[in-house]
Amino acid sequence: MPLACFTCPNHCGGRPSTASSRWFTSLPFWLYSTAMSKTYSSTPPLASSLSPSPFFCFSDLVLAFMWASAQAFRMSPIRRKEFPQNLKQIIKDEDFVGLDVFICTADPYKEPPMNVVNTALSLMAYDYPTEKISIYVSDDGGSVLTLFAFMEAAKFARHWLPFCRQHNIMERSPHVYFESISHHPSIPQFEKIKIMYEDMKMKVEQVIDKGAVIEEYISDDQQHQAFNKWTKSFSRMDHPTVIQVILDKSKDTDISGQLMPNLIYVSREKSKTSPHHFKAGALNVLLRVSAVMTNAPIILTQDCDMYSNDPQTPLRILCYFSDPALKSNLAFVQFPQRFHGLNRDDIYATEYKRLFKINSMGFDGLNGPNYVGSGCFFRRRALFGGPSTPVPPEIPELGPDHVVRKPIISHEILSLAHRVAGCNYENQTGWGSQSGFRYGSLVEDFYTGYRLQCEGWKSLFCNPERAAFLGDVPITLFDVLSQCKRWCIGLFEVAFSKYNTLIFGSQSMGVLMSLAYSHYALWPIWCIPVTFYSFLPQLALLNQVSLFPKITEPWFFLYVFLLLGAYGQDFLDFVLDGGTVRKWWNAQRMWMIRGLSCYLFSSIEYLLKSVGISTHGFSLTSKVVDDEQSKRYGQGIFEFGVPSPLFMPLTVAAIINLFSFLFVLTQFFSGKNTEGLCLKMILTGSIVLNCLPVYGAIGLRNDAGKMPTQITIISTFVSVALYYASSLSL
């Protein structure tokens, strides 16, 4: 009786997976610029003072590497299918393994507690023995508001969980369920449950607005004692450990009499004099605290805004973890990140179709997908050394084989849990280097998955038809680019570490996996060709210096063939994977925008950091939705609004390319050198088309999301300065 299977198109005759990267886009540039180097000798004498050859050759090298590394994803893509309906015929309820769920949040104002609560409730309501589930909430902001929200959620869960089981509800996030259906008379108690949810939501939001727990909402001495831990000396970056057992599966039951899952609030100790390692540090604290309290063999790491969309998800992963042929070296099962609330055309390309789905299938055909931070089920043992080289923890209670025999609210358990959550506990230990989630990068997920696979572990990609998890996406361009810039800095930290993906990676897990990881670790270097091709040919054009072949020259047809062929294949793969024409076009546009903003700025910031110049630290992406911004996002209107330097290179490129395109049109209609204008019109015209939202934000809008005036003014001066500088150099 099968539990899971996979199809490999290279061997099974299935439709080839679109496990490709942006090599389709880079290939024409690569060959195009390689061929262009052959035309430099025909460049007019004016260009002899500053030849563009070195810049384009450097771009060629970058594009060639990105093209080559992306081929690893196309070697052996895999599609898998699970049969969870067969699992319960093989495993009895009492034999199901324990599941510890880690949810991380850090700021009640950027990550609203009601979002975190809905995520937790959807996970508590899994179709899985509830006494086997433990939910750990890491509050790195140390906020009493978050604790209050979860205490209220625990009360509501006593009604919500049996309601979901009784009526086999699929959307087990209350917010999503009540948003999707306003009235359902066929379900008993629907209105009662909805009123209870709205009452809980009102209390939590009132407490958030007030910034403190309202006295009338404190119902018992246990809550008083918990909230009294927030003294006047308690601050976000300096406070003692707070561990609060909100629900205890050994005694707490729902209204139907069934045991509830554990629900445990954890705010680790913070000190301004001790490093805290951001999210990786919070996850390691949860790893240790959970080991002391429950020590489940399987761990789910989940973002606070990504709720469960399929209550059978744990059964799906057990199909793999229970397979004798896989479980000896299977470290984790990764689900794709998928999102609700995307506008129709996904104007910011925040679906990241290649990153989270297409390339993951290609990864799966090698050694397994990379860890992407959320929707990932780990084998606890994998976080303590390689499959054949375990790393024993400093105390036996933290070991993956330790059996917890005492109640989680016992003095011994709570005392030890507080101890291992201390900010100095990791001193002189291997946490973050040899065991646990790894330190050294802002993208702790990418780095941890990479290090585990270097140690000999494998992973699997599980992509069921119904999304296992759904999350929120940023709805402003600034948030999208800021998030991506943070990722890029973290990726550089991996690429240039002693565990770099090219040398160390190839030695540890082979050339193909090394290339696949290097494609992402060096993701920000896309800024090099994007920036050069967005400025140099256009400035040369305005100074009447030709860098392109004429329509009668053989190289012209090669450029056109490669350009149309490559973009055509990229378009075909995107559409076959469920994309639309407009979404594909927006993905191309955002590639250019990221190249001129977050890729460029992250490269500069990492370089400054490397030479000892201080830069901005970690920052959260806001999950708060503004009504006006949400309305514009739904209409497909780009949101600028913030006077951020991230927008400046993009605006300068938009201005220079617009004038270059107008100059080309002037030459065309005047009949001057029409043979050499075609490629110039294609390049400048495509960039102008991509920049239409920028032009609209500069001159056609009066709403709060328009381009800030200071950005427009500064960009105009920079554009003029670049033109005059190029006229003196060329």
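Residues numbered from 1 in each chain as written. Predicted model: local features only at pLDDT ≥ 70, side-chain atom pairs only at ≥ 80, totals over all residues. Heavy atoms only, no water.

If you look the chain up in an unreviewed UniProt entry, it shows as Cellulose synthase-like protein G3 isoform X2 from Gossypium hirsutum. As its UniProt record puts it under Subcellular location (unreviewed entry), the chain is described as follows: "Endomembrane system". (UniProt positions renumbered as here; feature names shortened; annotations may be inferred.)

### Some points on the packing of aromatic side chains
A full pass over the atoms with the stated rule returns 49 aromatic pairs. Ring geometry for Phe 156 and Trp 160: centres 5.8 Å apart, planes at 20 degrees, overall stacked. One end of the pair is Phe 156 and the other is Trp 160, both in helix H5 (residues 144-167) and four residues apart, which spans about a single turn. Look at Phe 492 and Phe 496: their rings are 5.5 Å apart centre to centre, the planes differ by 40 degrees, and that puts the pair in the tilted class. (Phe/Tyr/Trp six-rings, centres within 6.5 Å; stacked < 30°, edge-to-face > 60°. Helix = DSSP H or I, 4+ residues; strand = E, 2+ residues; numbered from the N terminus.)

### Thoughts on the pairing of strand E3 (residues 99-105)
The element E3 is largely enclosed, with a buried count of seven among its seven residues. The alternating pattern of E3 places Leu 99, Val 101, Ile 103 and Thr 105 and Asp 100, Phe 102 and Cys 104 on opposite faces, both of which are buried. Here E3 pairs with strand E4 (residues 133-139) via seven bridges, running parallel. Directly across from Leu 99, in E4, lies its bridge partner Ile 133. Alignment of E3 against strand E7 (residues 298-303), held across six bridges, turns out to be parallel. Along E7, the bridge assignment pairs Ile 103 with Gln 302. (Buried < 20%, exposed > 50% of the residue type's maximum accessible area, 1.4 Å probe, protein only. Pairing = 2+ DSSP bridges.)

### Comments concerning helix H10 (residues 313-321)
Within H10, nine of the nine residues are buried, which leaves it mostly tucked inside the rest of the structure. Listing the buried residues of H10 in full gives Thr 313, Pro 314, Leu 315, Arg 316, Ile 317, Leu 318, Cys 319, Tyr 320 and Phe 321.

### What about the pattern of salt bridges?
Oppositely charged side chains can pair when the atoms bearing their charge come close. Per the counting criterion, the structure on display carries 26 salt bridges. With a shortest N-O distance of 3.1 Å, Arg 316 and Glu 82 are connected by a salt bridge. Taken as a pair, Arg 316 in helix H10 and Glu 82 in strand E2 (residues 79-82) lie far apart in primary sequence, 234 residues in all. Overall, Arg 316 belongs to the buried group, its relative accessible area being 15%. (Salt bridge = Lys/Arg side-chain N within 4 Å of Asp/Glu carboxyl O.)

### A closer look at the state of the cysteines
For the structure on display, the rule yields zero disulfides. Free of any disulfide, Cys 304 has its nearest cysteine sulfur in Cys 104, 8.5 Å distant. Here Cys 462 is not cross-linked by a disulfide; its sulfur's nearest cysteine counterpart is in Cys 319, at 8.3 Å. (Disulfide = S-S within 2.5 Å.)

### Things to note about the side chain of Arg 172
Locating Arg 172 in the fold gives a position in the loop between H5 and helix H6 (174-180). Its relative accessible area of 1% is what places Arg 172 among the buried residues. Among the polar contacts listed, one links the side chain of Arg 172 to the backbone oxygen of Ala 125, at a separation of 2.5 Å. Ignoring anything within four residues of it in the chain, the contact list for Arg 172 reads Leu 121, Ser 122, Ala 125, Tyr 126, Asp 127, Trp 160, Cys 164, Ser 308 and Pro 311. (Polar contact = N/O pair within 3.5 Å; in protein donor to acceptor, adjacent residues only side chain to side chain. Contact = heavy atoms within 4.5 Å.)

### Some words on the sheet that holds strand E6 (residues 262-267)
The eight strands are arranged E5-E6-E4-E3-E7-E11-E9-E12 in an open sheet whose pairing can be described as mixed. On the outer flanks of this sheet lie strand E5 (242-247) and strand E12 (458-461), each paired with one strand and no other. Averaged over neighbouring strand pairs, the angle between their axes works out to 20 degrees when direction is ignored. Strand direction decides the pairing type here: E5 and E6, joined by five bridges, are antiparallel. Within E6, the position partnered with Leu 247 by the bridge is Leu 263. Contacts between H5 and the sheet are confined to E3, E4, E5 and E6, with E5 contributing the most and set at about 15 degrees to the helix. (Axes fitted to C-alpha atoms, helices over the stretch in contact; angles between N-to-C directions.)

### As for the sheet that holds strand E8 (residues 306-308)
In space, the three strands of this open sheet follow the order E8-E13-E10, with mixed pairing throughout. Looking along the sheet, the strands with just one partner apiece sit at the ends: E8 and strand E10 (338-339). Relative to strand E13 (residues 469-471), E8 runs antiparallel, the two sharing three bridges. Looking across to E13, one finds that Met 306 is bridged to Gly 471.

### Details of a nonpolar patch on the surface
The grouping of Ile 604, Leu 607, Leu 608, Val 611 and Ile 613 at the surface amounts to a nonpolar patch, some 440 Å² of accessible area in total. Residue position: Leu 608 is located in helix H20 (residues 598-610). (Patch = residues over 30% accessible without salt bridge, like charges linked within 9 Å, V, L, I, M, F, W, Y side chains within 5 Å. Areas by Shrake-Rupley, 256 points an atom, 1.4 Å probe, with all protein chains shown as cover.)

### A word on the environment of Trp 160
Residue Trp 160 is classed as buried on the basis of its relative accessible area of 0%. In sequence terms Trp 160 and Asp 254 are 94 residues apart; their C-alpha atoms lie 8.7 Å from each other. In terms of polar contacts, Trp 160 uses its side chain to reach the backbone carbonyl oxygen of Arg 172, at 3.0 Å.

### Looking at the pairing of strand E9 (residues 330-334)
Most of E9 is tucked away, with five of its five residues classed as buried. Pairing of E9 with E12, which is carried by four bridges, proceeds in the parallel orientation. Paired with Phe 332 across the bridge in E12 is Ser 459.

### As for the environment of Leu 416
Secondary-structure assignment places Leu 416 in helix H12 (residues 411-420). When the C-alpha positions of Leu 416 and Met 293 are compared, they lie 9.1 Å apart, and in sequence the two are 123 residues distant. The contacts of Leu 416, once residues within four sequence positions are left out, are Val 292, Ile 395 and Glu 397.

### Description of the confidence of the model for the chain
Predicted confidence across the chain gives a mean pLDDT of 87, with 89% of residues reaching 70 or more. The secondary structure element of the chain with the lowest average pLDDT is helix H2 (residues 23-36), at 40, and the one with the highest is strand E11 (residues 376-379), at 98. Long-range and interchain partners of residues 10-49, a stretch whose pLDDT sits below 50, account for 105 contacts in this model, where long-range means more than four residues apart. (pLDDT = per-residue confidence, 0-100.)

### Brief notes about the nonpolar core
Counting residues in each nonpolar core, the largest one holds 84 residues, and the members touching the most others are Trp 523 and Met 590. At 10 residues, helix H14 (residues 477-495) tops the list of elements feeding residues into this core. Apart from the residues lying within four places of it in its own chain, the contact partners of Trp 523 are Met 66, Tyr 352, Cys 484, Trp 487, Cys 488, Leu 491 and Tyr 599. Counting 79 residues, the second-largest nonpolar core is a separate cluster that includes Met 114, Ile 208, Met 260 and Cys 462. (Core = buried A, V, L, I, M, F, W, Y, C linked by side-chain atoms within 4.5 Å.)

### A look at the UniProt feature "transmembrane region" (unreviewed entry) in the chain
UniProt records the feature "transmembrane region" (unreviewed entry) at residues 517-536, 556-579, 646-665, 677-695 and 707-725, using the numbering of this structure. The distance from the first to the last C-alpha atom of residues 517-536 is 31 Å, and the span holds 75% helix and 0% strand. Between the C-alpha atoms that bound residues 677-695 the distance is 24 Å, and the span itself is 89% helix and 0% strand.

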